[in-house]
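# Geometric and topological summary
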Amino acid sequence: MLEVFPKPWSDASSLSVWKGLKRSYTCNICNVTLNSIEQYHAHLKGSKHQTNLKNQ
Ligand SMILES: [Zn+2]
């Protein structure tokens, strides 16, 4: 059986360590703070961010 488990470093607490950052991600273009890398990536792909990116 092939079961995919998250790699240890994908854990949020470990991530914050190797990123050297707190567990929040700020988009400087939109001036919004996201609580996870997943939310941050989703934000970057979102229409709100794309619009701000063009308008800056
Ligand atoms: Zn943004």
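One structure accompanies this document, and this report is about it. For every chain, the first residue of the written sequence is number 1, and numbering continues from 1 along that sequence. Restriction of local features to residues with pLDDT of at least 70 applies here, the model being predicted, together with a cutoff of 80 or more for giving and counting side-chain atom pairs; totals for whole chains, interfaces and linings are based on all residues.

## Re the overall build of the protein chain
Strands here are runs of E lasting at least two residues and helices are runs of H or I lasting at least four, both read from the DSSP assignment and numbered beginning at the N terminus. What the protein chain contains, in helices and strands, is three helices and two strands. The order of helices and strands in the protein chain, counted from the N terminus, is α-β-β-α-α. The buried share of the protein chain, taken over its 56 residues, is 0%. Long-range contacts, defined here as pairs at least 24 residues apart, represent 10% of the contacts in the protein chain between residues at least 6 apart. Here a residue counts as buried when 20 or more other C-beta atoms fall within 10 Å of its C-beta, as exposed when 12 or fewer do, and as partly exposed in between; the C-beta atoms come from the backbone. In this description, any two residues whose backbone-derived C-beta atoms lie within 7 Å of each other are considered to be in contact.

## Considerations on the environment of Gln 39
Mapping Gln 39 onto the fold places it in helix 2 (residues 37-45). Among the residues examined, Gln 39 registers 15 C-beta atoms within 10 Å and is labelled partly exposed. Placed 14 residues apart in sequence, Gln 39 and Tyr 25 show a C-alpha to C-alpha distance of 8.6 Å.

## Considerations on unusual backbone geometry
With a phi angle near 60°, Asn 31 is a residue other than glycine that sits in the positive phi range. When you line up the elements, Asn 31 lands in the loop between strand 1 (25-27) and strand 2 (32-34). In this structure Asn 31 comes out as exposed when scored by C-beta crowding, with 8 C-beta atoms within 10 Å.

## Here we look at the environment of Cys 30
Of note, Cys 30 is situated in the loop between strand 1 and strand 2. For Cys 30, a count of 17 C-beta atoms within 10 Å corresponds to the partly exposed category. On a C-alpha basis, the gap between Cys 30 and Gln 56 in space is 9.4 Å, while along the polypeptide they are 26 residues apart. Filtering out sequence-adjacent residues up to four positions away, Cys 30 remains in contact with Lys 48, His 49 and Asn 52.

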